[in-house]
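Coordinate inspection notes
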Amino acid sequence: MQLPLRRKVERDFWENRLLMLFLILKRALVAFLTVLVVIVLSGVLIHVVPGDPVTAMMAQSVTATPEAMAEMRARLGLDLPVWQQVGLYAWHVLQGDLGTSIRSSESVAQLLLQRLPNTFSLAVSGLVIALAIGIPLGFLAAVNRGRLADTAVMVIAVLGVSIPAFWLGLILMQVFSLKLGWLPVAGSGWRNIILPAFTLGLTYCALVARMTRSALIEVLAEDYIRTARARGLRERQVLLVHALRPALISIVTVVGLVFAYLLGGQVIIENVFSWNGIGRLAVQAMLERDYPMIQGFIVVFATSVVIVSMLIDILYGFLDPRMRQK
Amino acid sequence: MSYHISLNRLRLLTAAAMVTVAGLSSATAAELIVARSVDADNLDGYKTSNTQSLQITNLIYDTLLTMDKDGSIHPGLASEWSVSDDGKTYAFTIRDGVTCHDGSTFDAAAAKASLDRALDPATVNPSLSAWGPITGSAAEGNVLTVTLSEPYGPFTSFLTSIQAPFMCPSSFAEAQFKPIGTGPFKLASWMRNDSIVLEANGDYHNTNPLIDNPGKPHLDKLTFKVIPEAVARMAALRSGEADLVEPSLEEATDLKDDENFKVYAAELSGQQVLAAFTWKIKPLDNPDIRKAIGMAMNRDAYASIAFEGLVNTANCPVAPNLFSTDEDLCASWGVTYDPEGAKALMEAAGYTADNPLKVKLLVHKLPGWDQMHQIMQQDLLAINVQAEIETREVAAFFDHMSVVNEKTDGEPAVWTMGMSGVDPDYLYFLWKRPGFVNMGLNEDLDALLEEQRRLSGDARAAKIHEAEKYLMENAYAIPLLSPGWGWLMASGAKVDGFKMGFMVSLLFNDVTVAE
């Protein structure tokens, strides 16, 4: 027996909503478990690395007897077994407390939150530049497959992947800050973001270009593209409407990956351009063995990456109905 | 039409013109921007031991006493001081009219409150042990009395140290710490990992003999920026974004011959680089083998090649300029560079080119040190010692050394380290058993190091010399260089009057910047 059309539409509507809700809940649960595993694993690994905060404090000038150093360790809770330290930390994190920095005596959450906007703004700026350059380049290469333009774009892509970001950053700094004097060398103002954002954008646009090219080449081989051409549609319309849009759906995944890379991978760029993000904070904390600070960074970084991945998955679900069925 | 200008009027005009010209050309700029590699980790002077933090706290807070280039002690917040005959009670008269940055008075009661906080175990002060065996303190009138359980020779030296700041009680009156001191600069703002802005303390009165300016610093504003990359710091210096920077070793070498720049080396760093041994492991338990290795080390080459001539060779296990350090005396106790003699000693012990002694050369990374260790490796190979370099990050290195130094068997190791301070008492922290990273030796040295703490003046100096002689004649320590890490600064030629004090403290009181 066939359902009336209206009821069928309604049922499909609610079915779709339920599927999406299920997808979101599933992703959220996986995200939570992932962050929990990261907290425990990172906690164990940090303690496995030789050297502790008290030893690091004495690196330049020893002003404590071994007995006093032991007393300091006890005061900081570093004398507890590793499992206990990690367990306590995980318990505090679940209660929303990231602890206090051993070196600065300040709230880890506050220190990270102050810098998170800087890290995100640099990652987003870098991503926008990577997409703005990478997608047109990939498009150009795909529609000119096997020709000179394709080869040129691929050479640029290989160069982009091969050139170390810090080297590119230093070259840009030499040219635009020192020689031309257009942009500042260091700092965290709006003019300061231009060079690090371009450094990141230029580095990652190669990856975006390659992904766009391969996605577009795959789409261009589909039957419906041939049909569109056979129906006499203009090539411009075929490429931009029928080919590029579906290809961009696969690029969404790459965007998520690139954004995650940018969040974690910009540590070096933050150092080169003195950009006050969480990456620099993390590097300093690692050298000083500031355990709560390192763990706080890992929690925030892992959570950010997991949330971005989750959002990408959900977005993918909205864009591509087949994903919801899966 | 003629103009008649009286002589007096001409003189007046000339004087006015001269004043104007002088005003334009003289040092009048009131702001200085300093670029360093890392930020301070804490501005609470009792919760930090890292140089970059202490460089800032030393500008915000004063010390009770100060030290001159020759190691002599001078007034600071205390205008005078005395010690009882038994050496257990010190009385410090706090200078009248000292005001904190928030306008409150710094008196003996404030000094006591600060001292109490420094000694409170809950503060977790990394320098707690260096304050000595203090059992109590009292404030009466303008006198702070400090009682010790036993005489403590390094006490007054330590009170000059950037590790012993005195803070105003308003700093720690509330749960949230606020850096309020009596120093030449007060904190205006701090954006972590980005910049620290200090403003001149208009009421400042200087007593530090290393500083000429008796009052308020010439600079009105002092900004410390964090630029982690050495290349970027140099770009900031060359582009004018920064006036004073920490250069890399290579860049300092280039700059020192450039008339547009000035390079400053902290001669009073109190830093000392030395080589040591895992002497509990055979054959390094043999003093002749240790001496041979010391004799092979070409310190002149390390200073001139690895450190580009920006450091000096050192003879003592304690840095030059510190109390009792006598480089000539140490030279007579220690080994001298003699590769032939060293090779003969090694051959006598059975180590030849075909049967070399295999050791680890355990090191950590610092500018200039890599190259020094490579030259050292060649030096050792020349006397039939095959050294395999193992480099670790600093915290991991010291952790590893605390394990290796306890071992009595396994592969022997030669290792290097650096230390800094304002008093030879750091020998106590390093070498008295168990010692820093288990470096401690034996009861003979323990006794010497304990005794020097209970003495003062010449008697203490003699005891320190005994300890140094013991370390060097038995070749437990091979002094190499001084200074050896993070002791360089560079500025444009327009910066004048910048100085570096003990433990790489930065002194800006005399600084002027020409327009």
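Parameters and conventions
- Residues numbered from 1 in each chain as written.
- Chains lettered and ligands numbered in written order.
- Predicted model: local features only at pLDDT ≥ 70, side-chain atom pairs only at ≥ 80, totals over all residues.
- Helix = DSSP H or I, 4+ residues; strand = E, 2+ residues; numbered from the N terminus.
- Rg over C-alpha atoms; globule rule 2.2 N^0.38 Å.
- Buried ≥ 20, exposed ≤ 12 C-beta atoms within 10 Å, placed from the backbone.
- Contact = placed C-beta atoms within 7 Å.
- Pairing = 2+ DSSP bridges.
- Axes fitted to C-alpha atoms, helices over the stretch in contact; angles between N-to-C directions.
- Expected span 1.5 Å × (residues − 1).
- Arc of directions from axis to C-beta.
- Domains from an automatic or database assignment.
- Nonpolar A, V, L, I, M, F, W, Y, C, P; charged D, E, K, R; others polar.
- pLDDT = per-residue confidence, 0-100.
- Parallel < 35°, antiparallel > 145°, perpendicular 65-115°, else oblique.
- Left-handed = near helix turned anticlockwise from the far one by under 90°.
- Core = buried A, V, L, I, M, F, W, Y, C linked by C-beta atoms within 7 Å.

**Some remarks on the overall build of chain B**
- Scanning chain B for helices and strands turns up 15 helices and 26 strands.
- Here chain B has a C-alpha radius of gyration of 26 Å; the compact-globule value for 515 residues is 24 Å, and the two agree.
- Dimensions of chain B along its principal axes, counting C-alpha atoms only, are 100 × 65 × 40 Å.
- Among the 515 residues that make up chain B, the fraction classed as buried is 52%.
- Taking all contacts inside chain B whose residues are at least 6 apart in sequence as the whole, residues at least 24 apart take part in 70%.

**Some points on the pairing of strand β6 (residues 78-83) of chain B**
Residues and elements named next belong to chain B.
- Sheet analysis places β6 next to strand β7 (residues 89-94), joined by 5 bridges and oriented antiparallel. Paired with A78 across the bridge in β7 is I94.
- The turn linking β6 back onto β7 is made up of 5 residues, and G87 within it adopts a positive phi angle of 75 degrees.

**A closer look at the sheet that holds strand β17 (residues 312-313) of chain B**
Residues and elements named next belong to chain B.
- Read from one edge of the open sheet, 6 strands run β17-β21-β16-β20-β18-β19, paired in mixed fashion. On the outer flanks of this sheet lie β17 and β19 (385-392), each paired with one strand and no other.
- Sheet analysis places strand β18 (residues 357-364) next to strand β20 (residues 413-420), joined by 3 bridges and oriented parallel. Bridged to K360 within β20 is A413.
- The sheet strands contacting helix α11 (residues 369-381) are β18 and β19, and the helix crosses β19 at an angle near 160 degrees.

**Describing α11 of chain B**
All names here are of chain B.
- Compared with the 18 Å implied by 1.5 Å per residue over 13 residues, the 18 Å span of α11 between its first and last C-alpha is a close match.
- Three or more residues of α11 are buried, namely W369, M372, H373, M376, D379 and L380. Viewed along the axis of α11, the buried residues span an arc of 115 degrees, placing them on a single side of the element.
- On its buried face, α11 is in contact with α7 (287-296), α8 (299-306), β18 and β19.

**Focus on the domain arrangement of chain B**
All names here are of chain B.
- You can read the domains of chain B as domain 1 (3-266 + 487-513) and domain 2 (272-482).
- Taking the mean C-alpha position of each, domain 1 and domain 2 sit 33 Å from one another.
- Those elements that provide at least two residues to the side of domain 1 that touches domain 2 are α4 (155-158) and α6 (249-255).
- Of all the elements, α6 adds the most residues to the side of domain 1 that touches domain 2, at 3 residues.
- Residues that form the side of domain 1 that touches domain 2 fall into these classes: 11 nonpolar, 8 polar and 2 charged.

**Let's talk about the interface of chain B and chain A**
- The partner chain A presents 42 residues to the 45 residues of chain B that form the contact.
- Taken together, the elements giving at least two residues each to the side of chain B that touches chain A come down to β13 (221-226), α5 (230-239), α12 (394-404), β20 and α13 (426-431) of chain B.

**Thoughts on the sheet that holds β7 of chain B**
Residue and element names in this part refer to chain B.
- In spatial order, the strands read β6-β7-β9-β8; together these 4 strands make up an open sheet with antiparallel pairing. Each end of this open sheet is capped by a strand with a single partner; those strands are β6 and β8 (134-140). On average, each strand axis in the sheet is tilted by 15 degrees relative to the strand beside it, whichever way the strands run.
- Across 5 bridges, the pairing between β7 and strand β9 (residues 143-148) is antiparallel. In the sheet register, T93 faces β9, and the bridge partner there is V143.
- The strands touched by helix α3 (residues 108-119) are β7, β8 and β9; relative to β8, the strand with the most contacts, the crossing angle is about 160 degrees.

**What about the environment of A230 of chain B?**
Residues and elements named next belong to chain B.
- As for its placement among the helices and strands, A230 is situated in helix α5.
- You can call A230 partly exposed: it has 19 C-beta atoms within 10 Å.
- Residue contacts for A230: discarding those within four places in its chain leaves P247, S248 and E251.

**Quick notes on the confidence of the model for chain A**
- Of all residues in chain A, 97% attain a pLDDT of 70 or more, and the chain-wide mean is 85.
- Mean pLDDT across the elements of chain A bottoms out in helix α14 (residues 321-325) of chain A (62) and peaks in helix α5 (residues 108-143) of chain A (91).

**A look at the confidence of the model for chain B**
Residue and element names in this part refer to chain B.
- Taken as a whole, chain B shows an average pLDDT of 92; of its residues, 94% reach a score of 70 or greater.
- Within the model, pLDDT remains below 50 along residues 1-29, and this stretch shows 11 contacts once partners closer than five positions in the same chain are excluded.
- Interface scoring of the predicted complex returns ipTM 0.79; its pTM is 0.86.

**Things to note about the packing of α5 of chain A against helix α13 (residues 291-319) of chain A**
Residues and elements named next belong to chain A.
- At a minimum axis separation of 10 Å, α5 and α13 run at an interaxial angle of 50 degrees. The angle between the axes of α5 and α13 places the two elements in the oblique class. Read as a crossing pair, α5 and α13 show a hand that is right-handed. On α13, the residues that touch V108, A109, L112 and L116 of α5 are P292, M293, G296, F297 and V300.
- Residue composition of the contact of α5 with α13, by class: 8 nonpolar, 1 polar and no charged.

**What about the environment of S491 of chain B?**
Residues and elements named next belong to chain B.
- By secondary structure assignment, the location of S491 is in strand β22 (residues 488-492).
- Given 23 C-beta atoms within a 10 Å radius, S491 is considered buried.
- Taking the C-alpha atoms as reference, S491 lies 31 Å from M167; in sequence the two are 324 residues apart.
- Those residues in contact with S491, other than ones at most four positions away along the chain, are D243, L244, F261, K262 and F498.

**Here's the deal with the nonpolar core**
- Among the nonpolar cores identified, the biggest contains 240 residues, and C205, V208 and F297 of chain A together with A236 of chain B are the most heavily contacted of them.
- The dominant element in this core, judged by the number of residues it contributes, is α5 of chain A, at 15 residues.
- Two domains each put at least three residues into this core: domain 1 (3-266 + 487-513) and domain 2 (272-482) of chain B.
- If we skip the residues at most four places from it in the chain, A236 of chain B touches V185 and A186 of chain A together with A35, I227, E241, A242 and V245 of chain B.

**Here we look at unusual backbone geometry**
- Going from K282 of chain B to P283 of chain B, the amide bond is cis rather than trans, its omega being 0 degrees.
- With respect to the helices and strands, P283 of chain B occurs in the loop between β16 (271-277) and α7.
- In this structure, the amide linkage connecting R433 of chain B to the following residue, P434 of chain B, adopts the cis form with an omega of -5 degrees.
- The residue P434 of chain B is located in the loop between α13 and α14 (443-454) in this model.
- Look at R289 of chain A: it is not a glycine, yet its phi comes out positive at around 55 degrees.
- Secondary-structure assignment places R289 of chain A in the loop between α12 (278-288) and α13.
- Of note, the phi angle at V437 of chain B is positive, near 45 degrees, even though the residue is not glycine.

**Concerning the packing of α5 of chain A against helix α6 (residues 148-162) of chain A**
Residues and elements named next belong to chain A.
- The contact between α5 and α6 brings their axes to 7 Å, and the two run at 140 degrees. Overall, the two elements α5 and α6 adopt an arrangement that is oblique. The chirality of how α5 crosses α6 is left-handed. On α6, the residues touching L137, L140 and A141 of α5 are A149, D150, V153, M154 and I156.
- Of the residues in the contact of α5 with α6, the class split is 7 nonpolar, no polar and 1 charged.

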